[in-house]
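Structural description and commentary
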Amino acid sequence: MNRREFIKTSAAAGGSLLLAQAASADPANSSARLIQPASSPDNSRATLPDLSPARWVWYPSGRTLPNTFVLFRQSLALHARPRRATGWICADSRYRLEVNGRRVQWGPAPCDPRWTEADPVDLTDDLQPGENVLGATVLFYGSGDGTWPLGKPGFLFWLEIEHADGTVERLVSDESWQTLLCRAWSLGHPKRWYLRALQEEFDARLYPQNWSSPDFQMDSHWVGAMPLTGSPNQPALSTSYPEYMLELDRGPSDAELRPRSIPAMRESFVPVTKLAEAYWLDWRVPPRDYFDYRIPNAFHARRADLAIENAPGQWRVELDGGQSAALTFELAEQVVGWPGFAIEAPAGTTIELLVHEAHATGGPPLLNTHFDSWTRFICREGKNDFETFDFESLRWVQLHIYNAKGPVNISNIRVRRRVFPWPNTPVLRTSDPLLQRLFDASMNTLNNCAQETLVDGMARERQQYSGDGGHQMHAVHLAVGEPRLVRRYLTTWSQGMTKEGYFLDCWPAYDRLARLMERQLDLSQWGSILDHGVGFMLDCRHHYFYTGDLGALKEPYPRLLRFAQYLQGLQGPDGLLPVENLGIPCVWMDHNAYQQQRHKQCAFNLYVAAAMEQALAPICRSFGDDRQAKAVERFGKELTRATVRRFWSVEQGLFINNLPWLDQDKTPRTCDRSLATSILFDQCPGNHTAAALDSLVKCPPEMGFSYPANQCWRMWALAKGGRGDAIVTDLRRRWATLRSVKENNTLQENWQARPDSPDQWSHCGVVPLYIAYQGLMGLKPLEPGFKRFELRPQFGDLEEFEATAFTVRGPISLRSRGKSGEREVDLQWPPGGQGELIVPQDEAIELPNAAGPAPAGCRRFRLPSGGSLNLRLKLI
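Parameters and conventions
- Residues numbered from 1 in each chain as written.
- Predicted model: local features only at pLDDT ≥ 70, side-chain atom pairs only at ≥ 80, totals over all residues.
- Heavy atoms only, no water.
- Axes fitted to C-alpha atoms, helices over the stretch in contact; angles between N-to-C directions.
- Helix = DSSP H or I, 4+ residues; strand = E, 2+ residues; numbered from the N terminus.
- Parallel < 35°, antiparallel > 145°, perpendicular 65-115°, else oblique.
- Left-handed = near helix turned anticlockwise from the far one by under 90°.
- Contact = heavy atoms within 4.5 Å.
- Nonpolar A, V, L, I, M, F, W, Y, C, P; charged D, E, K, R; others polar.
- Salt bridge = Lys/Arg side-chain N within 4 Å of Asp/Glu carboxyl O.
- Buried < 20%, exposed > 50% of the residue type's maximum accessible area, 1.4 Å probe, protein only.
- Pairing = 2+ DSSP bridges.
- Phe/Tyr/Trp six-rings, centres within 6.5 Å; stacked < 30°, edge-to-face > 60°.
- Lys NZ or Arg CZ within 6 Å of the ring centre and 35° of its normal.

A few points about the packing of helix 16 (residues 724–735) against helix 18 (residues 767–776)
- Relative orientation of the contacting elements helix 16 and helix 18 amounts to 165 degrees, with a least axis distance of 11 Å. For the element pair helix 16 / helix 18, the angle class is roughly antiparallel. Here the hand of the crossing between helix 16 and helix 18 comes out left-handed. Counted together, Gly724, Ile727, Val728, Leu731 and Trp735 of helix 16 and Val767, Pro768, Ile771, Gly775 and Leu776 of helix 18 form the full contact between these two elements.
- Looking at the contact of helix 16 with helix 18 residue by residue, the class counts come to 8 nonpolar, 2 polar and no charged.

Here it is as structure tokens:
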């Protein structure tokens, strides 16, 4: 039995894939060439204080239905305003904290349920002399979500109050808190969609108005909280509460409640810009039936000017008690946040608030064409102000209003936008209006996708991916200089590792947990994507070079080795890794670039080889594991040699994806991923890269072309090949003309995007943003933490270009003015920074040469230590 057969047999038996066992199955393998298992992940990091005597608490119950809302209320009397009131709060699944009737914060961030992060809370400015009330609305999802894999319900609170005289007291969650099972929300409501747990339905008539204000009087429905058995320094998962949907145990012994590792999101209000259109709807079935089941031909719609704008931002509609009104409002750009509105209407008036990324006026009268993205609100008599409990991604808001007769007044239609509080404002300017609009759209997309996790798109999955999604980290590091978010990504994503050794590649999220059972029954093409785990190795290496922070890799590092060990166990007799018949996981690489699954084998093996040799092996050496580094490098070299043997065409001078099957396929097929990888990581025999580079520039029809989020590989290869002109042309002609850029100020998922469809209009492929720094500015760290860095500017035909990269050592800035052949370039970098400049070899520059090789046709110069330089360039 060869090693691959052994591992397949072991997996089928439910055994752990230990490489030592695999080695014994193949005596030809010596231990020196095998990647060895590492010790358990190093979880040493900032910790919470002892949160005793706080207790995890919940509404007194023996089970909790999905989408249950519980209100937690506690009074606090103060003689004077406190000197300090700080502490920690956490809930499973989400909470909204209010003090004296005012919203304070919303959380927690998406986490692995075994290592949930508690949020810091600072109520110093919120508490007042006299009576205060702290109120927390807690939602338990109960069913999987793109931001929540699973868990148990619970609420935890710990506040330390320092008074003016220096005395300290603590307010903690315990049985003294009062709770209400809040039936204003439809408890046990079915989930919205596969990856959206909450389909919110809220009835204001059943809501205890002003319940978090001091003058509110509780009735007999309020009862004392039920303390749960379990440590307050462990997550809710570790309590004794019976979780009835999945029968979860109390979790592993190393489960830990951790402090939040990133700052709170910044919130601001964004109003709609206008009422775009309105319809009367005559219903053939009850509207509720339609929204629950999407019944076809459920209504007849008539476009009409049915809303009168009494004042800016205020509309009036007269309802006849039969027809419903659908009012569609537009935002200036796509944002992420909580949509809301105010309405004055009779009691029982029902509103479905629908959101959408993209809509064409005159299209579907109801915006219910995007994963059932609606929330139902039911009015109490008079003025109501509604806001969704969970956040959305949207550019269009529609209010569908019915169950009322008479006037209805609508106002304050807005989104409470959430954005990461970036430490720096991006500096990226060009004289080209098309590219400037593209760069601005890329930054807006980053605001929408990089929040507490690095997600693909907030309107569909809200899941954190490596591979295509993880590339956002380059923009986060360079454009805004934020290492904490990337460090959190490396930690949380790596926690999603299976017992077999591969990653649940969109963690922490529900998706891949569900796929585990679906793949067992051949019910889904989507398994855990192995190439995303490969990309994660490169992400770890990039973060280390950006920051010099090896501590960020301590927890992921053993998991990287375990994954490499898993991959090595898949290696076949031909020396290659398979891309078919892998069981639960799968190899994806891209949506668009391949005609057949087997055509991915070349790209996948080159990718793994590159990650082993140029990411994981250097990481091993940084940790002092030279033996592991050698084994990893050896594995990478084996894969490269095997890929060259099987897929390198001497005649064409590049890798052909279907070279082994040309007698069947007839036409040679390449892909941008294989060609770019082979250039970037020096995998072409004899360094023959000309044909691959030419293909990446010309994009012939036989070359598979990746979707936008994976275009970074092609762009990086073009930059390495000195084709900045091709990058500028591609950004201008292919990217700047995207419909989402022009309409939503965002970047869409695919090259074509349709309005009123499930298509993603704000997706993580912010390639133009970071390629401006890496390709046009040509910035690259040469040593961890930007101790040494390289600049290789390539401006194409841009007459003006300015960029500032915010590194851990300080900003590095470049400004170029003038046409090609007569450019004036100003450079600035941190004092003491060791910079190197790469320019064409005939460029006349009076700088000392720098050690090390330069690209063909170029020279490498050493920048002075002064921190600034003005150059006149003739050949760029």
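From this point on, the discussion continues.
As for the pattern of salt bridges
- Counted under the stated rule, the structure contains 66 salt bridges.
- Among the salt bridges present, the one from Glu392 reaches Arg196, with a minimum N-O distance of 3.5 Å. Highlighted residues: Glu392 in strand 24 (residues 392–402) and Arg196 in the loop between strand 10 (178–181) and strand 11 (201–203), separated in sequence by 196 residues. For the pair Glu392 and Arg196, one class covers both residues: buried.
- Measuring nitrogen to oxygen at the nearest pair gives 3.7 Å for the salt bridge that ties Asp282 to Arg302. Of this pair, Asp282 sits in strand 16 (residues 274–283) while Arg302 is found in strand 17 (residues 299–303), placing the two residues 20 residues apart along the sequence.
- Among the charged side chains, a salt-bridge network with shared partners connects Arg103, Glu267, Asp385, Glu387, Arg414 and Arg416.

Considerations on helix 18
- Most of helix 18 is tucked away, with 10 of its 10 residues classed as buried.
- Among the residues of helix 18, those classed as buried are Val767, Pro768, Leu769, Tyr770, Ile771, Ala772, Tyr773, Gln774, Gly775 and Leu776.
- Downstream of helix 18 by a residue or two, Gly778 has a phi angle that is positive, lying close to 75 degrees.

Description of the sheet that holds strand 34 (residues 810–817)
- The strand order across the open sheet formed by 5 strands is 26-33-34-35-38, and the pairing between neighbours is antiparallel. Because the sheet does not close on itself, it has two edges, and the strands there are strand 26 (427–430) and strand 38 (868–873). Geometrically, the sheet is characterised by an average inter-axis angle of 10 degrees between neighbouring strands, direction not taken into account.
- Both strand 26 and strand 33 (residues 800–807) contribute to a ladder of 4 bridges, which runs antiparallel. Bridged to Thr430 within strand 33 is Phe801.
- Strands in contact with helix 18 are strand 26 and strand 33; relative to strand 33, the strand with the most contacts, it is inclined by about 100 degrees.

Some thoughts on the packing of aromatic side chains
- What the rule picks out here adds up to 54 aromatic pairs.
- Measuring from ring centre to ring centre gives 5.8 Å for Phe795 and Phe801, while their planes differ by 45 degrees; the resulting arrangement is tilted. Residue Phe795 shares its accessibility class with Phe801, and that shared class is buried.
- Taken together, the ring pairs in this structure connect Phe69, Trp106, Trp185, Phe202, Tyr207, Trp338, Phe341, Phe377, Phe386, Phe389 and Phe391 into an aromatic cluster.
- The ring of Tyr244 is capped by Arg63, whose NZ or CZ atom sits 4.8 Å from the centre of that ring.
- The ring of Phe391 has Arg418 lying over it, and the distance from NZ or CZ to the ring centre is 4.4 Å.

A few points about the pairing of strand 24
- With 11 of 11 residues buried, strand 24 is to be regarded as a mostly interior element.
- By the bridge criterion, 9 bridges tie strand 20 (residues 324–345) to strand 24 in an arrangement that is antiparallel. Paired with Ala325 across the bridge in strand 24 is Ile401.
- With 7 bridges connecting them, strand 21 (residues 350–356) and strand 24 associate as antiparallel partners.

What to know about the sheet that holds strand 36 (residues 834–840)
- One open sheet accounts for 4 strands, arranged 31-32-36-37; its pairing is mixed. Each edge of the open sheet carries a strand with a single partner, namely strand 31 (779–781) and strand 37 (858–862). Direction aside, neighbouring strands of the sheet carry axes that sit 25 degrees apart on average.

Digging into the environment of Gln834
- Tracing the chain through its elements places Gln834 in strand 36.
- Along the sequence, Gln834 and Gln209 sit 625 residues apart, while their C-alpha atoms lie 62 Å from each other.

Comments concerning unusual backbone geometry
- Here the amide bond leading from Ser52 into Pro53 is cis, since omega sits at 5 degrees, within 30 degrees of zero.
- Relative to the assigned elements, Pro53 resides in the loop between helix 2 (19–25) and strand 1 (57–58).
- Residue Pro108 follows Gly107 across a cis peptide bond; omega there is -10 degrees.
- Within the secondary structure, Pro108 is located in the loop between strand 5 (102–107) and strand 6 (117–122).
- One non-glycine residue with positive phi stands out, namely Glu247, at about 55 degrees.
- Along the chain, the position of Glu247 falls in the loop between strand 13 (226–227) and strand 14 (258–259).
- When its relative accessible area of 66% is taken as the criterion, Glu247 is described as exposed.
- For Phe786, which is not a glycine, the phi torsion comes out positive at approximately 55 degrees.
- By secondary structure assignment, the location of Phe786 is in the loop between strand 31 and strand 32 (788–791).

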